[in-house]
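This is what each chain is made of:
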Amino acid sequence: MEEPLRRIRALHTASTITVYQAYRPEIGRPAARKGRFPAAWKPDRMTWIKPSFMWMMYRSGWGAKEDQETVLAVEITRDGFDWALRNACLSSYVRGLHPDRAAWQRDLKRSPARVQWDPERDLHLRPLPYRSLQLGLSSEASSRYANEWIVSIRDATPLAHQIRTFVSSGDLDTATRLLPQEQHYPAGDELLAHLRG
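Scope of this entry: the structure provided in the associated data block. (Residues numbered from 1 in each chain as written. Predicted model: local features only at pLDDT ≥ 70, side-chain atom pairs only at ≥ 80, totals over all residues. Heavy atoms only, no water.)

1. Considerations on the overall build of the chain
Inference 1: When helices and strands are counted, the chain shows eight helices and nine strands.
Inference 2: Seen through its C-alpha atoms, the chain measures out along the principal axes to roughly 50 × 45 × 35 Å.
Inference 3: The burial tally for the chain puts 48% of its 197 residues in the buried class.
Inference 4: Contacts spanning at least 24 positions in sequence make up 75% of the contacts within the chain whose residues lie at least 6 apart.
Inference 5: Accessible surface computed for the chain: about 10,100 Å², of which carbon and sulfur atoms make up 47%.
Inference 6: Computed over 29 positive and 23 negative side-chain charges, the inter-centroid distance for the chain is 4 Å. (Helix = DSSP H or I, 4+ residues; strand = E, 2+ residues; numbered from the N terminus. Buried < 20%, exposed > 50% of the residue type's maximum accessible area, 1.4 Å probe, protein only. Contact = heavy atoms within 4.5 Å. Areas by Shrake-Rupley, 256 points an atom, 1.4 Å probe, with all protein chains shown as cover. Lys, Arg positive; Asp, Glu negative; His and termini not counted. Charge placed at Lys NZ, Arg CZ, Asp CG, Glu CD.)

2. A closer look at the nonpolar core
Inference 1: Counting residues in hydrophobic clusters, the biggest one holds 36 residues, and the most contacted among them are Phe-37, Ile-76, Phe-81, Leu-85, Leu-135 and Tyr-145.
Inference 2: Once you skip the residues sitting within four places of it in the chain, Ile-76 turns out to touch Ser-15, Thr-16, Ile-17, Val-19, Ile-49, Phe-81, Tyr-145, Trp-149, Ile-150 and Val-151.
Inference 3: In this structure, Met-54, Ala-73, Ile-163 and Val-167 belong to the second largest nonpolar core, which totals 18 residues. (Core = buried A, V, L, I, M, F, W, Y, C linked by side-chain atoms within 4.5 Å.)

3. So, the pattern of salt bridges
Inference 1: Under the counting rule described, the total for this entry stands at seven salt bridges.
Inference 2: Across the salt bridge formed by Arg-7 and Glu-3, the nearest N and O atoms sit 3.6 Å from each other.
Inference 3: Given the relative accessible area of 17%, Arg-7 is considered buried.
Inference 4: For Glu-3, a relative accessible area of 29% gives the class partly exposed.
Inference 5: Overlapping salt bridges, with partners in common, bring together Glu-3, Arg-7 and Arg-9 in one network. (Salt bridge = Lys/Arg side-chain N within 4 Å of Asp/Glu carboxyl O.)

4. Observations concerning the sheet that holds strand E6 (residues 113–121)
Inference 1: Ordered by their spatial adjacency, four strands build an open sheet running E3-E7-E6-E5, and the pairing between neighbours is mixed. The strands lining the two open edges of the sheet, one partner per strand, are strand E3 (47–49) and strand E5 (88–90). Between one strand axis and the next, the sheet turns through 40° on average, direction left out of account.
Inference 2: Summarising the sheet, E6 and strand E7 (residues 127–137) pair through eight bridges and their orientation is antiparallel. Looking across to E7, one finds that Arg-114 is bridged to Gly-136.
Inference 3: Along the sheet, helix H3 (residues 78–86) contacts E3, E5, E6 and E7; its crossing angle with E7, the most-contacted strand, is approximately 95°.
Inference 4: Against the sheet, helix H4 (residues 101–110) engages E5 and E6, with an angle of about 140° to E5. (Pairing = 2+ DSSP bridges. Axes fitted to C-alpha atoms, helices over the stretch in contact; angles between N-to-C directions.)

5. Digging into unusual backbone geometry
Inference 1: The phi dihedral of Trp-62 falls on the positive side, at around 60°, and the residue is not glycine.
Inference 2: Turning to its location among the elements, Trp-62 is positioned in the loop between helix H2 (53–60) and strand E4 (70–77).
Inference 3: Judged by its relative accessible area of 7%, Trp-62 is buried.
Inference 4: Backbone geometry at Asp-67 places phi at a positive 70°, although glycine is not the residue there.
Inference 5: Inspection of the secondary structure puts Asp-67 in the loop between H2 and E4.

6. A short note on the pairing of E4
Inference 1: Counting buried positions along E4 gives six out of eight residues, so the element sits mostly inside the fold.
Inference 2: Judged from the eight bridges that link them, strand E2 (residues 16–23) and E4 form a sheet pairing that is antiparallel. Its bridge partner lying in E4, Val-19 is registered against Val-74.
Inference 3: Taken together, the five bridges between E4 and strand E8 (residues 150–155) define a ladder with antiparallel strand orientation. For Glu-75, the partnering residue across the bridge sits in E8 and is Ser-152.

7. A look at H4
Inference 1: Among the residues of H4, Ala-103, Trp-104 and Leu-108 are the ones counted as buried. End-on, the buried residues of H4 take up no more than an arc of 135°, which puts them together on one face. Opposite the buried face of H4, at more than 90 degrees from it, the exposed residues are Lys-109 and Arg-110.
Inference 2: Of the surrounding elements, those touching the buried residues of H4 are E5 and E6.
Inference 3: Residue Asp-100 occupies the N-cap position of H4, its side-chain oxygen lying 3.1 Å from the main-chain nitrogen of Ala-102. (Arc of directions from axis to C-beta. Polar contact = N/O pair within 3.5 Å; in protein donor to acceptor, adjacent residues only side chain to side chain.)

Here it is, written out as C-alpha cells:
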C-alpha cells in the first residue's frame, strides 16, 4: 500500500502512544529510572517529541550525537497527545491553509504546541518520499506532558545501538525486525485538518 505524504506513524495502544526524545545522560538516565524527568529538565523550554523511531535515530545519530546519547521511549496518554494536536499550529506558514502570514504568526504565538512534517528515514537514515510528524511542546503543553501525560519512560539507547550494529554489518532484515512496530495513528480530520500544510 502506498504511503500518504503525511501520516502519524507510531507505536500505540488503545490509550497510549510512544514518542521518542534524546537527552544527555544526566537527564535521560534518571528519567528512565524514575519514570519522570529530573529537576534538570526545564519545562519552560520547547521540547520536541517524535512518534517515529527512525526519525529520532536520524536526529540523534543513533544516540551518538553530543547531548543526545540517551534515547528515551516515552509512553504518554493518547488524550494528552490528541490535546496537543488539537492545540497545535504548523511551525511554518502555508498559503491557503492560513488566511495570511499575520494570522499564522498570531496562531503560532498563542499555540502551546507546534507541528513539523519532516521526511521519514530509512535504515541508512536517508530521507523517504513521505513525512512523519514532529510535535513541539511549550508552556502549558510542556508542563502537561511532564506532569500529566507520561505513563512510562524507557531507555531505548541499547535498542538504538543494537539496530545500528546490524545496519552497519549489512543485516537489514534483522535490523528491520527489531524496529518498533509503528502503525498508522488514528488521528482524524478533527485533529489534523489545521495541520496538513
